[in-house]
Amino acid sequence: STTCSAGCDACGSSCSAGCGGCGGCGTCSAGCDACGSSCSTGCDGCGGCDGCGSSKEPTKVTTGAYDPMYQHYTMMIPQEPGTPGDATEIKDNVVGLMSNGVLLDTHEQTWSYDSCNGHSDKMHQYHYHIPPICYLKSMGVATPEKADWWMADNGSEVRAYDEMTAQWPSTGSSPVIGYARDGFPIYGLYDTDGNIQRSKMYGGDLDECNGKEDSNGYGYYITAEPPFVPTCLRGSIGSFAFAPTDIACPKEGITNSIEGLSASTEEVVTDNTEKEDDSGAYAKVPIFSALVTATVAFFV
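Here the residue numbers are simple positions, counted from 1 along each chain's written sequence. Given that the model is predicted, a residue must reach a pLDDT of at least 70 before its local features are reported, and side-chain atom pairs must reach 80 or more before they are shown or counted; all residues, however, enter totals for whole chains, interfaces and linings. Excluded from the side-chain calculations are hydrogens and water; all other atoms, namely the structure's heavy atoms, are used.

(A) Highlighting the overall build of the protein. In DSSP terms, a helix is any run of H or I states spanning at least four residues, a strand is any run of E spanning at least two, and both are numbered starting from the N terminus. Regarding its fold elements, the protein presents two helices and 16 strands. Looking at the protein as a whole, 45% of its 300 residues are labelled buried. Throughout, a residue-residue contact means that at least one pair of heavy atoms, one from each residue, lies within 4.5 Å. Put simply, 56% of the contacts in the protein that link residues at least 6 apart link residues at least 24 apart. Surface accessibility follows the Shrake-Rupley procedure with a 1.4 Å probe radius. Residue values consider only the protein chains on display as shielding. Accessible area of the protein: about 14,900 Å², with a carbon and sulfur share of 49%. The cut-offs for exposure are 20% and 50% of the maximum accessible area for each residue type, with area from a 1.4 Å probe on protein chains only; residues under the lower value are buried, those over the upper are exposed, and the others partly exposed.

(B) Quick peek at the environment of Ala142. Within the element layout of this structure, Ala142 appears in the loop between helix H1 (133-138) and helix H2 (161-164). For the pair Ala142 and Gly172, spaced 30 residues apart in the sequence, the C-alpha separation amounts to 5.6 Å. Dropping the residues within four chain positions of it, Ala142 is found in contact with Trp168, Pro169, Thr171 and Tyr190.

(C) Quick look at the nonpolar core. Counting 35 residues, the largest nonpolar core has Leu104, Trp149, Trp168, Ile177, Ile186 and Tyr220 as the members making the most contacts within it. Sorting the residues of this core by element identifies strand E3 (94-98), strand E6 (126-128), H1, strand E7 (176-180), strand E10 (217-221) and strand E11 (232-233) as the ones contributing at least two each. Of the residues forming this core, the biggest block, three residues, is contributed by H1. Counting seven residues, the second largest nonpolar core, distinct from the first, contains Tyr73, Val94, Leu103 and Phe240. Side-chain atoms within 4.5 Å are what join buried Ala, Val, Leu, Ile, Met, Phe, Trp, Tyr and Cys residues into a set we call a nonpolar core.

(D) Layout of the state of the cysteines. The disulfide criterion is simple: two cysteine sulfur atoms within 2.5 Å. Inspection of every chain in the model, using the stated rule, returns two disulfides. Disulfide partner of Cys116: Cys134, at an S-S distance of 2.1 Å. Its S-S torsion of about -85° marks the bond between Cys116 and Cys134 as left-handed, since a negative value means left-handed. Taken together, the residues span a long stretch of sequence, with Cys116 in the loop between strand E4 (103-105) and strand E5 (118-120) and Cys134 in helix H1 at a distance of 18 residues. Accessibility expressed as a relative area gives 22% for Cys116, which makes it partly exposed.

(E) Spotlight on the sheet that holds E10. When DSSP finds two or more bridges between a pair of strands, those strands are recorded as paired. Strand order across the open sheet formed by eight strands is E5-E6-E4-E3-E7-E8-E10-E9, with mixed pairing between neighbours. Only two strands of the sheet have a single neighbouring strand rather than two, namely E5 and strand E9 (211-214). Strand-to-strand twist in this sheet, taken as the mean axis angle between neighbours without regard to direction, amounts to 40°. Here E4 pairs with E6 via two bridges, running parallel. Within E6, the position partnered with Leu103 by the bridge is His127. A fitted line through C-alpha atoms serves as each axis, taken over the contacting stretch for helices, and the angle formed by two N-to-C directions is quoted from 0 to 180°.

(F) Examining the packing of aromatic side chains more closely. Any Phe, Tyr or Trp ring, taking Trp's six-membered ring, that has another such ring centre within 6.5 Å forms a pair; planes under 30 degrees apart are called stacked, those over 60 apart edge-to-face, and the others tilted. Applying the stated criterion across every chain yields a total of 15 aromatic pairs. Aromatic pair Tyr218 and Tyr220: ring centres 5.3 Å apart, planes at 85°, arrangement edge-to-face. The same class applies to Tyr218 and to Tyr220, which are both buried. A network of ring pairs unites the aromatic residues Trp111, Tyr113, Trp150, Tyr161 and Phe228 as a single cluster.

(G) Looking closely at the pattern of salt bridges. Salt bridge, as used here: a side-chain nitrogen of Lys or Arg that lies within 4 Å of a carboxyl oxygen of Asp or Glu. A complete count under the given rule lists six salt bridges for this structure. The residue Arg234 makes a salt bridge to Asp207 at a minimum N-O spacing of 2.9 Å. Linking Arg234 in the loop between E11 and strand E12 (240-248) with Asp207 in the loop between strand E8 (185-187) and E9, this pair joins segments that are 27 residues apart in sequence. Using a relative accessible area of 12% as the deciding quantity, one classes Asp207 as buried.

(H) Main features of unusual backbone geometry. A cis geometry characterises the amide bond from Pro226 onward to Pro227, with omega recorded as 10°. Along the chain, Pro227 falls in the loop between E10 and E11. Phi is positive for Asn210, close to 65°, though the residue is something other than glycine. Tracing the backbone through its elements, the reader meets Asn210 in the loop between E8 and E9. Classification of Asn210 as buried rests on a relative accessible area of 1%.

(I) The arrangement of the side chain of Asp182 in detail. Mapping Asp182 onto the fold places it in the loop between E7 and E8. Two residue types count as positive, namely Lys and Arg, and two as negative, namely Asp and Glu; His and chain ends fall outside the count. Buried within the structure, Asp182 lacks any salt-bridge partner; Arg234 is the closest side chain of opposite charge, at an N-O distance of 7.7 Å. In the analysis that follows, any N or O atom pair within 3.5 Å is treated as a polar contact, provided that within protein one partner can donate a hydrogen and the other can accept it, and provided that, for residues neighboring in sequence, both atoms belong to side chains. One polar contact links Asp182 to Tyr220, side chain to side chain, over a distance of 2.5 Å. Beyond its immediate stretch of four places on either side in the chain, Asp182 contacts Pro78, Pro81, Tyr220, Leu233, Arg234, Gly235, Ser236 and Ile237.

(J) Just the environment of Thr106, in detail. With respect to the helices, strands and loops of the structure, Thr106 is situated in the loop between E4 and E5. Along the chain, Thr106 and Val229 lie 123 residues apart, while their C-alpha atoms are 6.5 Å from each other. Setting aside its immediate chain neighbours within four residues, Thr106 contacts Ile90, Asn93, Val95, Val229, Pro230 and Thr231.

None of this, on its own, says anything about what the molecule does.
Here it is as C-alpha cells:
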C-alpha cells in the first residue's frame, strides 16, 4: 500500500522523514502498532513505526545512563507485621514502595534531583530518597513552596543538614504514603499529633530506623534531615523482584490514579479514595503508573 495503518505516521513502500526508518523491513502487523500487511520476525518491538529497519533489525532505544524506564516490580510483604523487633539493615537499598508505584530507596545521597525531588539510577529505576515534594503535595501533606528546599540560599551548595527541617512547615498531617518491605506503613513528615518528625541523630523521637509507635501503631517516617528514609527495618523483610523494560518514561512526567487500602477500620477520605479490604490474609494491591507496573502482595 502507499500508506500505513493507523498509528504509523504514514510510511508506505518507502519511508517518510518522520517515520523513523520503517519500510524495507517487510512492515509490521497490527499487533506491532504499525505498518503494512505482514510482519517479519525482525520486527519485534516495532512501536509507532520505530522498530523496523531495512536490515530487519529492531531499532534500539537510545537512553542515557540515568534515564528512567518502565519497570515491573513485585514485592511480597507481611499483611500483619506484628510487633517491631530488632533492627535489620537494608542490604539492597530498597526500603519499600510508595502508593504511586515509585520505589523508596536508601543509597548514599548524590544531591541531583528533579523538580519533584526524585531521580533515576543506572538500573533506570526512578525512585525517592528525600521527601518527594510533588507526591506529598498530591497526598495533602504540607510542603515548602520550592522543590529546592535542600539547597542553600546561595543556590550553589547543599544546605546544612541541621537547617533542612526548618524549611518545612512545623505542623501538618500525613496519610500512609507507602509500605516498607516488612509490612509497616510509611508516613510523610508529620505524626498523628501533627508534629514534624525529627530523626534520632538530630535529637528527634524517631528510632534508629526512622520509625516510632503512636496511636496507629508502629510506622516509619520520611524526614527532612538524615537519614531521610529508613536505613533499617524492624520487621520480617519480604522479597522484592524487578524486571526492566526498554520503554522510556515520558519526559513530561505522568499523572497517576491511585487505589489502596485504608490504614484503619474507619473510612479514609483524601484526594485519593482508599477502600477497606477484608478479603483475608492475602490481598493484592495493583498499582499502575507510567514509571512502573507494581504488584504489592500482602501475606501473613
